[in-house]
Amino acid sequence: MCGIVGILGTKPVALDLVDALRRLEYRGYDSAGIATIEGGLLQRRRAEGKLRNLSDRLSTEPLAGLVGIGHTRWATHGKPTERNAHPHMTEKVSVVHNGIIENFRELKEELTRAGAVFASDTDTEVVAHLITHEMKKGADPIAATKAALARLKGAFALAIIFAGHDNLMIGAREGSPLAIGHGDGEMFLGSDAIALAPFTSQITYLDEGDWVVLTRGSLDIRDRQGRRVDRPMITSQASGFLVDKGNHRHFMLKEIHEQPEVISHTLTNYIDMSEGRVNFPDIGLELAKITRVTISACGTAYYAGLVAKYWIEKYARVPVEIDVASELRYREAPLPEGGLAVFVSQSGETADTLATLRYCKANGQRIASVVNVRTSTIARESHAVLPTLAGPEIGVASTKAFTCQLSTLACLALALARAKGQISDDKERELVRALTEVPRHISSLLRDERRYEELAHYLSKARDVLYLGRGISYPIALEGALKLKEISYIHAEGYAAGELKHGPIALIDENVPVVVVAPEDELFDKTVSNMQEVHARGGQIILVSNVEPDATGCSVVAHLRMPAVHPFVVPLIYAIPMQLMAYHTATFMGTDVDQPRNLAKSVTVE
Ligand code: AGP
């Protein structure tokens, strides 16, 4: 994951910038750099690899200057070389960036036609040239930045400084977090409070769409319409340890809100963003020769695997056998010669998943694991590790790890589909583009949680809740039920909507909320029929859909309006309302959201 820092200081900033970047190393990176303003001019030092290479560079070529920005880069657009390392700059502007700018290719072409000369393959450099372009038309730095921000599409965080302005720094947040640090006559910017802990514990977190104009003595926060807004200043506890709740009440809520950023980082680990195609690592098996995939996991990780089954069978036309690990390991399932077995696990320590991995390995399978902890036992015992870049997940209820698992598995499915000749280059680009739009859609969904707070009052009274979904929405219905039951302790069940008449419909009456996961896809009409069966028996419908309730002929208790998205990415987008419904209901009920009763973050016993 990338890390951003910025210092508007009263003493030389270069070494403090590196110190702040050192506290972001936990995010993972492959190059780093800083820029300062010396004598009114922008100066820069960058280095591939670890921060010590940058420190070495600075010891031989030091940088002066009382204002500067710094960055640790996880390569997204372009290889992890020095020329692609941040900060990126023109003679007027220097910028560091965390996230994805979806429309960078179009902007780059436009700016090149206008005479801009690009020195890197990155999307970030477009921001420096776009602001410069506006300044060359006569805009001052603030107006130029405002104009440029209005043209950027994607999920990102930015820190920007300007030649000749050594009492000015601008930050912007759209999908990736950005914190302001309040110093004594100094101001700071950072990806999180951890980076700023050496300088201050007085932190203001920007909201989605905010941008801030900083001088040493002032901050001026604007929303995406340019209106002045106030955001609270809090005292961060981050100095003591590497992970804190930020400005959120629970780790779970913080991790829900980190999803645009960590999905961006996970996706860019498996996608060549410049080419718009999957760039999947070698897993030691020729993908084209795989005749069957076995997937096994537990809990939420199992539901991620279940989504992957739908993707792999639909796009790669490869049959998938999937089962929860506690069952697969004991049923002595026959396994194909030279087959691929995929294990999904946030912790990488789940006992049943590990035992099943060992069973499959002992039976000649190539083992690939999708894990969030690279040093875990499951990772160490796998032939190939497919990391999720979710960062530490503290809340027992898995949220960002789940959507990062989906991001990784989606890319596996596309890599398999391409290797098997089942999708064209154009189809692959279409599906990859749908994936790169996910962070922005999730960022939009996370802007308004009021409807979930209202719904929580209603759901908290329920004794039983049913979640229904068809096709690729069925695993999301299962995940929604698990989220609700594990943190609110309300009994909830996920069901394939088509199964309603085979039993669960007996449960339906006016006391039973029924969550219907119904994106407008090829199964929508059939799901609507199930909704009508529920409605006819007095069931209380909560519709999760991009389609208005009127179109279903049913009255609903609530409509969680969703964006119209490509069917391929429905699971990633529709996971968000599942998480928020559970979170706000449990919070309203006062349960221990981060450590629910009877549960552990990692089940290392059978
Ligand atoms: C999910 O919210 C639960 N915490 C639980 O189901 C979890 O997904 C399961 O225990 C698997 O854990 P793992 O991903 O660490 O293997």
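In what follows, the structure referred to is the one given above.
Anyway, here's the lowdown on the structure attached to this text. All figures in this text were calculated on a predicted structure; none of them were measured in a lab.

Omega for the peptide link from H86 to P87 comes to 0 degrees, which places this bond in the cis form. With respect to the element layout, P87 can be found in the loop between β4 (67–73) and β5 (88–89). Of note, the phi angle at R317 is positive, near 55 degrees, even though the residue is not glycine. Positionally, R317 belongs in the loop between α9 (299–316) and β18 (320–324).

A word on the sheet that holds strand β6 (residues 93–101). Across the sheet, which stays open at both edges, the six strands sit in the order β5-β6-β7-β8-β12-β13 with antiparallel pairing between neighbours. A single partner strand is all that each edge strand has here, and the edge strands are β5 and β13 (218–222). Of the strand pairs in this sheet, strand β7 (residues 154–162) and strand β8 (residues 165–174) are connected by five bridges, and their pairing is antiparallel. Bridging across to β8, I160 finds its partner in I170. Contacts from helix α4 (residues 124–136) reach β5, β6 and β7, with the element oriented near 130 degrees to β6. Strand contacts of helix α8 (residues 259–270): β6 and β7, with the helix running at about 85 degrees to β6, the strand carrying the most contacts.

Taken together, 14 residues sit near the ligand, with S345, S347, T350, V396 and E486 positioned nearest. One nitrogen or oxygen atom from the side chain of S347 is found 2.7 Å from an oxygen atom belonging to the ligand. A distance of 2.5 Å is found between an oxygen atom of the ligand and a side-chain nitrogen or oxygen belonging to T350. Computed on the free molecule, the ligand has an accessible area of 410 Å², of which 91% lies beneath the protein chains in the complex. When residues of the shell around the ligand are traced back to their parent elements, those giving at least two are α9 and α17 (474–488).

What follows is about the state of the cysteines. Put plainly, a disulfide is one covalent bond tying together the sulfur atoms of two cysteines. Enumeration according to the criterion identifies zero disulfides in this entry. The thiol of C360 is unpaired, and the distance to the nearest cysteine sulfur, on C298, comes to 13 Å. Taking the relative accessible area as the measure of exposure, C360 reaches 0% and is therefore buried. Considering cysteine sulfurs only, C411 is the nearest to C404, which forms no disulfide, with 11 Å between them.

What follows concerns the packing of helix α13 (residues 400–419) against helix α19 (residues 570–589). At a minimum axis distance of 10 Å, the contact between α13 and α19 shows a crossing angle of 170 degrees. With respect to α19, the element α13 is oriented roughly antiparallel. Side by side, α13 and α19 meet where F402, T403, L406 and S407 of the first sit next to P571, L572, A575 and Q579 of the second. Class assignment of the residues belonging to the contact of α13 with α19 gives a composition of five nonpolar, three polar and no charged.

Moving on to α13. Counted at 1.5 Å a residue, the expected span for α13 with its 20 residues is 28 Å, and the 29 Å between its end C-alpha atoms agrees. Of all 20 residues that make up α13, 18 are buried, and the element is covered over most of its length. At the C-terminal side of α13, G421 shows a positive phi close to 70 degrees.

On to empty space enclosed by the protein, then. A full pass over the atoms with the stated rule returns two cavities of 30 Å³ or more. Put simply, the second largest cavity is a space of about 30 Å³. Lining of the second largest cavity is provided by R470, S473, V517, A518, P519, D521, L523, F524 and T527. Across the lining of the second largest cavity, the residue classes tally to five nonpolar, two polar and two charged.

Another aspect to go through is the sheet that holds strand β1 (residues 3–8). Pairing is antiparallel in the open sheet, where eight strands are placed in the order β3-β2-β4-β1-β10-β9-β11-β14. In the strand order of this sheet, the two ends are held by β3 (41–48) and β14 (233–235), each with one partner. Strand-to-strand twist in this sheet, taken as the mean axis angle between neighbours without regard to direction, amounts to 20 degrees. In this structure, strand β2 (residues 31–38) lies alongside β4, joined through six bridges in antiparallel fashion. Across the sheet, residue A35 finds its bridge partner in β4, namely I69. Here helix α2 (residues 51–60) sits on the sheet and contacts β2, β3 and β4; the angle it forms with β3, its principal contact strand, is near 135 degrees.

Here is what the cut-offs are and how they apply
Residues numbered from 1 in each chain as written. Predicted model: local features only at pLDDT ≥ 70, side-chain atom pairs only at ≥ 80, totals over all residues. Heavy atoms only, no water. Helix = DSSP H or I, 4+ residues; strand = E, 2+ residues; numbered from the N terminus. Pairing = 2+ DSSP bridges. Contact = heavy atoms within 4.5 Å. Axes fitted to C-alpha atoms, helices over the stretch in contact; angles between N-to-C directions. Near = heavy atom within 4 Å. Polar contact = N/O pair within 3.5 Å; in protein donor to acceptor, adjacent residues only side chain to side chain. Areas by Shrake-Rupley, 256 points an atom, 1.4 Å probe, with all protein chains shown as cover. Disulfide = S-S within 2.5 Å. Buried < 20%, exposed > 50% of the residue type's maximum accessible area, 1.4 Å probe, protein only. Parallel < 35°, antiparallel > 145°, perpendicular 65-115°, else oblique. Nonpolar A, V, L, I, M, F, W, Y, C, P; charged D, E, K, R; others polar. Expected span 1.5 Å × (residues − 1). 1 Å grid on protein atoms, 1.4 Å probe; cavity = no way out; pocket = protein on both sides within 12 Å on 5 of 7 lines; lining within 4 Å. Points joined across faces, edges and corners; volume = space filled by probe spheres on them.

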